[in-house]
Amino acid sequence: MPNQNPWSTVATADPGKVILGVDFPAEGRREADFGDLMKKMGAEWSGYSLMQTIPPNIRLDERPSSDTYVRHWIQDGPWREYEVVAVMGYCVGGVYAAPIARSVADAQGSMPEVVLFDPQFTDAGLLASEMVKNISMAGPVFSDEEAEQGRKDTERIVAANAGDLMDAATAIVGLYRDLASIAFKRLGLNDDRRDEIIRLFESYMAWLASAAEIDPAPVWAGATAVMSADYLGLEAQGNASVGAATRIIDRRFSLDVTHADLMRADSTAELLLDKSRL
Amino acid sequence: MDSRIGQGVRPGRDGATAKEKALWLLEKLVPGTGINNITVALHVDGRLRPEALETSIGAVAGRHAILRTVFSESDAGLVKEVIPASAFRVAIEPLELSGGPLEEDMAGFAGRPFELDGRPLLRAGLAAHPDGDVLCLAFHHLVSDLLSVAAFMRAFVPVYDAVSAGRPAPPQPPEPTPVARDAQAMEADLAYWREHLRGYTPSGLDLWCGLPRPGTPLMTGGSVTRTLSPEGQAAVVRLQREVRAPVAAVLLAAYFALLAAHGAGPDLVVGSPLDVRGPRSQAMGYHVNVVPLRLQADLDEGFRQLAKRARDTFLGAMSHAGASVDDLSAELPRTGSSWSTTLYRHFFNFLPDISSGDLAIGGMGARLLTIPNAFSKFDLELFAVPSKAEIWFRYATEILDRADVEALLRRYEALLIEAVRDVDRPLRELAGWSEADRAIADAANRTAKPVTPGTVPEAFLSWARTAPDEPAVVDGPRTLSYRQVREAAAGVRNLLQGAGVGPGDVVAVDVPHGPDLVTAVLGIWLAGAAYLPDAASAASAGAKVVLVGAGTGAAGEGEVPLGAAVPDPAAPEPATAPAAVACLLPADDPSGSASSGPVRLSHGGVANLAGHFAAELAAGPGTGTLSLAAPSSCGSLLELFLPLATGGRVVIAPAEARTDPAVLRRTVEEQRVEIVQLSPGASARVLDGLSGVRVLARPEDVPPWLARRLADDGCQVHAVRGDARTCGWVLSGRLDEQGGPAGERPITNTRAFVLAPDGRELPTGVRGELCVAGAGVTPDAPDRPPYGRLHRTGELVRRRPDGALERLGRLGRRVVVAETPVDLDRVEAALTGQAGVTAAAALVVADPEAGDTLVAFAETADEPQWRPPAGVPGLVVRLDLLPRGADGLVDHDAVARLALERLAAGTAASAPSASGPPADDDLVQRLVELWARLLKVEATAETGFFEAGGHSLLAAVLAQEVEELTGVHLELSEIFEHKTPVALAARLAAG
């Protein structure tokens, strides 16, 4: 990301109470995000500003640690001016929300409310599924055989790098680079755009992989989890990255909405109005 | 081999004319093709001298400036200039021969495109063939046309003769100076054409045969030639006299009638080139103007009427040929962006005289060769060469099959021959058919065969007499023999007669699926009545009584308890006549609206069904047929009565067998079932795992992988088609092991027709509605002479050359919009599936600006937040209320009118932007179009890129396109932040 600000302001309000949203927003996706949530909450949360994390421009071969990320956000955090009333995380963002909430609590003396939307941990399976999702997104650009080969390669990488997520992420990004080059050539897109896309994916993989170092349990113990029907299903099926996360949260609510719609659903808004301290 | 533009003074450059630009635009549409090339080849009895050829070409070009005209692209568009004769040279290229047909070897040379970069637009090639040299000349249409090529040859041959003999070139008449176009006459001509085309919308140009139009035309072409038979030639001559029209008008009228009979029009424009040389008939160059000939091809008229109007149109065109369609095209409605789709897709070339094939050059004999043109600018182009009694069709191979075009040619000639027999006979009775077509259709419908015995109860009774102890009905452990079934049925008959039931009455049946149902139905039939397997409609169908199954408690008013029947061993009386009603089954209206009450089916129809499939499936005594279908479904007719009519066994399946393949398989194995039928619309997965049985199913219900697997496991899969109004199946065929489309044929005593919307029968290869007449069709179907009681199935089919029918889909509701098949029912379902939408109507509207457009209306009170669901194509309009008629049903005509209005107004379902001032409207609109193109959904200024299905890869494409559009380079992250067209436009405006 060229924009090196660690935070982006999604909504502002004067009184000075802020909600922090932890997410990887630059993926460009159809899942609803914190901006949608603020719109949904509308007048009820008009007294709050929302600021959202922007991931730092880190390359995988710098082998970032989770500290790299957290420090990036903490050191320029807005809590000198504002009172942070809540820290919210989406998916793996919820993992980062924990050390951020901890830092905020240390800085301002009161613990913000922590709300986690479809929380999950990073594991090799999650890295693989993100890669596979990207292969499918390319759609007809790849033949069935190529797509199948891409999926197989992804599995092979994951199996070979079972111990180290950073290594797995690096290898997956390498595969992505190869496939993206082919796809972009076929689409007639220039190299700049290709590199941009690859950097984006690499940044996302790094963000995912680094999160694995964090143990959010102490903070999550007092957090509230809001889960979509999709993630409830994943938990029931024994999905490791979701199950390991939700197991350590006591206060949890599930809604009959899809993962993509979670942050824009009416029922989410009602739940927050009902159950959160905001 | 290139010409060098010499050091001499270059004459001035001029802008290209509209006609020339039109050719240039066509080249850009299909680059790398020689689509505008005109080629002539000469096979000489001897050797030609290359230097003499080159000199002669140079001499002729020196005398005709048009041949030295070259074109190039500049900032100002296409420009042309004339190269001085001294600087102009066309080298003779040596050509290779492969040993195959000469015409094919020349085709490569002929098809090589000319680059419009200032180089000459003619080229010459020479091949040394053992039988003599072949000279091939290719011209670009910009400097030539067919008559110009002939003029060139007339000028060139004497020059070559002289040069090769060492004599000076003969003098030639001075090149006529081009006459300046009279601006006033031009304006008059343009006014004529505007009037001629007023109100025309080019929406009826596709024929009902061939393939869907591809998105990017390649314009590859083929051609088929036919020499008219003596009878055909005589017909043309006599038609001219009878209708008092010139031969061109006669042939044009026949062309219009042929196209209309195949689905084009009726308001139809055909393009035609008119030579505008006038008295300067020797002039070389592109001197034809293409004019749009418009005619209403009304098939209720006779040929005489049509030919008169064709004559008038032709004459009008010739008097106003000063303006060509290219001069008009700036003002005419455009359909899409393709060159040739503005007004017409069919072309008519009348070539009054073409030089004979033989000439002499350099003292040697020579023959003109026709080089096949690998391209076709139009769907179908007719060339008529009356001097040779030849008609040939050049056609786009992407749109039409060769077989279709051959058939079209046969039908063209047949039309001329039939028309002359009675020039006032309505064209609908003779257009579009040839004898070959008739033979195929008639043979396919020759299915008459006596059915004995005439009714199923009669057949059943005869088996009960001859083999009384054989099993008739098997239900798990319980088996009933023919005798037992007969005696139980007789008991039911007695019971019913005691309740006052007699011949012609209707008895409703409320008995669960099983042996009791079988005896109930047979008992009803023995009483001479008809059964109605739907107790709910007993009253409305006028049922005398309702026969209720055992165990349903005390019988109510009008109910007769089946349990009270006592088996009667006495032999029953003979059963009823084939014409009597056997049953009433619930039926849906084929047009898709709600069901319309039960339909009556005759004993003859049921017996015919059983008789046909007994033979097709080799069903006989002992053959087990699985009974799965509910009694109210037409599928039950075959499952129950095929065995009972043939001495076979009805094997009652447990209810779970309908959905659980394991249960089905177990039943089949345990009870030695040989025939299994899949109910229409049921999931075919239930058949997975069956082996060695005969399966009946609609081909569209069986996925190819399952068809292959069943075939591999020894199953024979029979493709069947029909519905309640036809006693179940009326067409059958064997399903291709690759799962390809099955060829379906009518069963015995049944005739199947492919009909146009106006009721005309359509021949081989032409799509239309499947309509059925015959033994199984309900007596409630309307009588449509000459077919008899005709049932319209609502299925879109076409007849294959072998006479079998191929189903293409549901009629009317499956359309093709922008080359994508769209199911209108599914579009409506997608809309009504959204919360708050109470009704929806989807239709395709012919929009003069954009071609066929899908428009859907959603009735919902949810405004202004309402957005159509993602993925619904076309324009979606929100309405508080759909227009309805007095009967409360949606008024589809009003909906269609509304759709046209909305398209004209360019309204889209969008709420005005609530945040901030509107960005530059034009930019927003361009972005909306970009959204729609990338995401393949209807987009508005507020459509979120990712919500509507976009992802990062598409975002990269978007970023690049935006950069090309505006010059602003945006990072992907900015695309992510500004997700709607209006937001992105604002960001771009900020620079």
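In short, a report on the structure. Just so you know, these numbers come straight off a predicted model, no measurement behind them. (Residues numbered from 1 in each chain as written. Chains lettered and ligands numbered in written order. Predicted model: local features only at pLDDT ≥ 70, side-chain atom pairs only at ≥ 80, totals over all residues. Heavy atoms only, no water.)

Quick notes on the overall build of chain A
Assigned secondary structure in chain A consists of eleven helices and seven strands. Across chain A, contacts joining residues at least 24 apart in sequence account for 81% of those joining residues at least 6 apart. Roughly 11800 Å² of accessible area belongs to chain A as shown, and the carbon and sulfur atoms make up 47% of that amount. (Helix = DSSP H or I, 4+ residues; strand = E, 2+ residues; numbered from the N terminus. Contact = heavy atoms within 4.5 Å. Areas by Shrake-Rupley, 256 points an atom, 1.4 Å probe, with all protein chains shown as cover.)

Quick look at the sheet that holds strand β5 (residues 92-95) of chain B
Residues and elements named next belong to chain B. Spatially, the six strands line up as an open sheet ordered β5-β6-β7-β2-β13-β12, and their pairing is mixed. Each having just a single partner strand, β5 and β12 (358-361) make up the two edges of the open sheet. Between one strand axis and the next, the sheet turns by 30° as a mean value, whatever way the strands run. Where β5 and strand β6 (residues 122-129) come together, four bridges link them in parallel fashion. When the sheet's bridge partners are listed, Ile92 is paired in β6 with Ala124. (Pairing = 2+ DSSP bridges. Axes fitted to C-alpha atoms, helices over the stretch in contact; angles between N-to-C directions.)

Describing the pattern of salt bridges
Counted under the stated rule, the structure contains 58 salt bridges over all chains. Among the salt bridges present, the one from Asp153 of chain A reaches Arg156 of chain A, with a minimum N-O distance of 3.4 Å. Within this pair, Asp153 of chain A and its partner Arg156 of chain A are both found in helix α5 (residues 144-160), separated by three residues, close to a single helical turn. Residue classification places Asp153 of chain A among the buried residues on the basis of a relative accessible area of 16%. As a salt-bridge pair, Arg194 of chain A and Asp191 of chain A come within 3.7 Å of each other at their nearest N and O atoms. With Arg194 of chain A and Asp191 of chain A both in helix α7 (residues 191-211) and three residues apart, the pair spans about one turn of that helix. Its relative accessible area of 44% is what places Asp191 of chain A among the partly exposed residues. Connected through salt bridges with shared partners, the residues Glu231, Glu418, Arg421, Arg425 and Glu429 of chain B form a single ionic network. (Salt bridge = Lys/Arg side-chain N within 4 Å of Asp/Glu carboxyl O. Buried < 20%, exposed > 50% of the residue type's maximum accessible area, 1.4 Å probe, protein only.)

Describing the interface of chain A and chain B
A common measure of how large an interface is: the accessible area buried when the components associate. Counting residues at the interface gives 22 residues for chain A, matched by 19 residues for chain B. Summing both partners gives a buried area of about 1800 Å² for chain A against chain B, and 58% of it is carried by carbon and sulfur. If you look at where chain A meets chain B, you find two salt bridges. For Arg193 of chain A, the salt bridge goes to Glu963 of chain B, with nearest N and O atoms at 3.0 Å. Connecting chain A to chain B are four residue pairs in polar contact (both at pLDDT 80 or more). Elements supplying a minimum of two residues to the side of chain A that touches chain B: α4 (124-137), α6 (165-187) and α7 of chain A. Among the elements that make up the side of chain A that touches chain B, the one with the highest residue count is α7 of chain A (four residues). (Buried area = accessible area lost by both parts, 1.4 Å probe. Polar contact = N/O pair within 3.5 Å; in protein donor to acceptor, adjacent residues only side chain to side chain.)

Section: helix α10 (residues 402-421) of chain B
Helix length check: α10 of chain B, at 20 residues, gives a terminal C-alpha distance of 29 Å against a target of 28 Å (1.5 Å per residue), a fit within 8%. Burial analysis of α10 of chain B places 14 of its 20 residues in the buried class, which makes it a mostly covered element. (Expected span 1.5 Å × (residues − 1).)

Focus: the pairing of strand β35 (residues 805-810) of chain B
Residue and element names in this part refer to chain B. Of the pairings in the sheet, the one linking strand β34 (residues 788-799) to β35 comprises five bridges and is antiparallel in character. Within β35, the position partnered with Val797 by the bridge is Arg807. From the end of β34 to the start of β35, which pair antiparallel, there are five residues, and Gly803 there has a positive phi angle of about 95°.

Interpretation note: all reported values are geometric properties and have no functional meaning in isolation.
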